[in-house]
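What the coordinates show
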Amino acid sequence: MTARILVVDDIPANVRLLEVRLLAEYFEVLTATNGPDAIETCENGKVDVVLLDVMMPDMDGFEVCRRLKSDPATSHIPVVMITALDQVSDRVRGLEAGADDFLTKPVNDLQLMTRVKSLVRLKSLTDELRLRASTTRNIGIEELLSRNFASEDTTPKVLLIDERKSSVERIQKMLRDRADLDIASDPHAGFFQAAETPYECVMISTAFADFDPLRLCSQLRSLDRTRFMPIILLAEEGEEERIIRGLELGINDYLMRPIDQQELTARLRTQVRRKRYNDQLRASVTQTIEMAVTDGLTGLHNRRYLDSHLQTLFDRAVARRRPLSVMITDLDRFKAINDTYGHDGGDEVLREFARRLRKNVRGIDLACRFGGEEFVVVMPDTEGVVAEKVAERIRAEIAQAPFAIGSDGKTIEVTVSVGVSSVLKGVDTVAALMKRADLALYEAKSGGRNRVVAKAA
Ligand SMILES: [Mg+2]
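Residues numbered from 1 in each chain as written. Predicted model: local features only at pLDDT ≥ 70, side-chain atom pairs only at ≥ 80, totals over all residues. Heavy atoms only, no water.

**Considerations on the environment of Pro323**
We count it as follows: Going along the chain from the N terminus, every DSSP run of H or I of four or more residues is numbered as a helix, and every run of E of two or more is numbered as a strand. Throughout, a contact is declared for two residues whenever any of their heavy atoms are within 4.5 Å.
Tracing the sequence through the fold places Pro323 in the loop between helix 12 (303–320) and strand 11 (324–331). Linking Pro323 and Glu383, residues 60 residues apart in sequence, is a C-alpha distance of 5.4 Å. If we skip the residues at most four places from it in the chain, Pro323 touches Ala317, Pro380, Asp381, Thr382 and Glu383.

What follows is the structure, encoded as structure tokens:
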């Protein structure tokens, strides 16, 4: 795992000290000796993690952190505050400034490497999501996030897996009012509980009489539903080896007993905040993809989706020697509906039509709004005669009950014409298939509308 770490400290010897240790672990290192330079480097360069000294003249570390976290261009870069004194007040100030983690001077090697690696891993996940979100939608992802970002005040839902009663009670006390805490004393039960409940963090004790806690970590990482659930390991002094193994397995953080309440709440908050941020990004990527292939008015697939999928369905049918049919439907005299009832009235008719259409096709059928008042349904595994029956059912469903317009009980009669075609044995193409359906539709229109015409396969 390689990453670019920015080391910020006003004393060059301190910078050099951290730089050497990071270089030894093959990290790329950037340096700055004051706040403004650090901010500029973050704005310009691809910084993955910032190690930030608190005590600096002019602009101190708290202020640098606050500025980085309030700028959407740099707010996602993890910041680790390095405090000279093990002072609780400094940790609290750092967290208020938005720091993701903190280390105390002199910096312990294990702590330095584990915190940095864990943050780098989280950052690369965030980066990938940010990239996907911003390439699929041409809207500032930061703006989207700031608009939707879930309140940080919501109490996180947390699971503690620990079989020692005294330890459970201590942690319950520490997290009272800070977390909605569930307890599992049995690790197997804890695993299933984690898989079934949307926890925002799982804390796993290493102190089981005859169970390997790392097995639980690896199980949680391999299950889809818990893959992104943050894991904090609660370890004992002297378990450095186990912690390193845990980090390799993908745990997100650890705490050493005896557990300090400030540190516990701080680390928990950091994990929850990152999880919420990434969940938000993931949701926006999914939503973006859906928007790209969905017709906003009717909720059916759009033409872009049809264009990209029809060829695949066609090829599959030909390869498997299975039938495939297509229908093109066109609402009759739709222009008159728009002229009489306005575009809002027209939209209502389209939505209701889509609803009735959806009701009459199967899950495997692909129903799309082709454009305007034209809809296409692709029916895999369907012979022409069957497709014709489906088309007839849809035609009848539309004609049989008038459509409601507006809220004052007004209704109008709507009819639809349908053209059906099927894949021919021998040589056929998607374009020819669509062309035949189009011709059939034309015949239905010229034959008096409100009817189905099928082109024999
Ligand atoms: Mg300093």
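Next, the rest of the story.
**A look at the sheet that holds strand 17 (residues 452–454)**
What counts here: In this scheme, strands are said to pair when DSSP sees at least two bridges between them. Lines fitted to C-alpha atoms define the axes, with helix axes restricted to the stretch in contact, and inter-axis angles between N-to-C directions lie between 0 and 180 degrees.
If you walk across this open sheet you meet the 5 strands as 12-13-11-16-17, and the pairing is mixed. The open sheet terminates on both sides in strands that have one partner only, identified here as strand 12 (366–371) and strand 17. Strand-to-strand twist across the sheet, computed as the mean angle between neighbouring axes with direction ignored, equals 20 degrees. By the bridge criterion, 7 bridges tie strand 11 to strand 13 (residues 374–380) in an arrangement that is antiparallel. Across the sheet, Leu324 pairs through a bridge with Pro380, a residue of strand 13.

**Some words on the coordination of the magnesium ion**
Four donors placed tetrahedrally about a metal ideally form angles of 109.5 degrees, and six donors placed octahedrally ideally form angles of 90 or 180 degrees. We count it as follows: The rule for donors is simple: N, O or S, within 2.8 Å of the metal, or within 3.2 Å if the metal is Na, K or Ca. Water isn't counted, so a site may look like it is missing partners. Residue burial is assigned from relative accessible area. The probe radius is 1.4 Å, only protein chains are included, and a residue is buried under 20% of its type maximum, exposed over 50%, and partly exposed in between.
Donor atoms from the polypeptide that bind the magnesium ion are Asp10 (OD), Asp53 (OD) and Met55 (O), placed at 2.0 to 2.2 Å. Sequence spacing among the residues donating to the magnesium ion works out to D-x42-D-x1-M. Here Asp10 is found in the loop between strand 1 (4–8) and helix 1 (12–24), whereas its partner Asp53 is found in strand 3 (residues 49–53), with 43 residues between them in sequence. For Asp53, a relative accessible area of 3% gives the class buried.

**Observations regarding the domain arrangement of the chain**
The condition that has to hold: Those domain boundaries reflect an automatic or database domain assignment.
Here the chain is partitioned into domain 1 (1–120 + 127–143), domain 2 (148–288) and domain 3 (303–455). Put simply, the middle of domain 2 and the middle of domain 3, counted by C-alpha atoms, are 51 Å apart.

**So, the environment of Asp438**
Here Asp438 is to be found in helix 15 (residues 430–446). Looking at Asp438, the relative accessible area reads 39%, which means it is partly exposed.

**Some details on the side chain of Thr114**
By secondary structure assignment, the location of Thr114 is in helix 5 (residues 109–136). Among the residues examined, Thr114 registers a relative accessible area of 6% and is labelled buried. Among all residues touching Thr114, those that are not within four sequence positions of it are Ile243, Leu247 and Tyr254.

**A look at the pairing of strand 6 (residues 157–161)**
Selection criterion: Crossovers are described as right-handed under a simple rule: with the strands pointing away from the observer, the path leading from the first strand over the helix to the second runs clockwise.
In terms of burial, strand 6 is largely enclosed, as 4 of its 5 residues are buried. In this sheet, strand 7 (residues 180–184) lies alongside strand 6 in parallel orientation, the contact comprising 5 bridges. Bridge pairing in strand 7 links Leu159 to Asp182. In the classification by handedness, the crossover that spans strand 6, the intervening helix 7 (residues 165–175) and the parallel strand 7 is right-handed. With 4 bridges connecting them, strand 6 and strand 8 (residues 201–205) associate as parallel partners. Across the sheet, residue Ile161 finds its bridge partner in strand 8, namely Ile204.

**Overview of the nonpolar core**
Filter applied, for reference: Residues enter a nonpolar core if they are buried and are Ala, Val, Leu, Ile, Met, Phe, Trp, Tyr or Cys, with the set joined through side-chain atoms within 4.5 Å.
In terms of nonpolar packing, the biggest core is built from 28 residues, with Met327, Leu331, Val349, Phe353, Leu357 and Val414 touching the most fellow members. Listed by contribution, the elements that provide at least two residues to this core are strand 11, helix 13 (334–359), strand 13, helix 14 (384–400), strand 14 (403–405) and strand 16 (416–422). Per-element tally for this core: the top contributor is helix 13, with 7 residues. When neighbours within four sequence positions are excluded, Leu357 is seen to be in contact with Leu300, Ala367, Phe375, Val377 and Ile394.

**A word on the sheet that holds strand 1**
Read across the open sheet, the 5 strands follow the order 2-1-3-4-5; overall the sheet is parallel. Strand pairing shows two members of the sheet lacking a second neighbour, strand 2 (28–32) and strand 5 (101–104), which therefore form its edges. Going across the sheet, the axis of each strand differs from the next one's by a mean of 20 degrees, ignoring polarity. Against the sheet, helix 1 makes contact with strand 1, strand 2, strand 3 and strand 4 (79–83), and its axis sits at roughly 170 degrees relative to strand 2, the strand it touches most.

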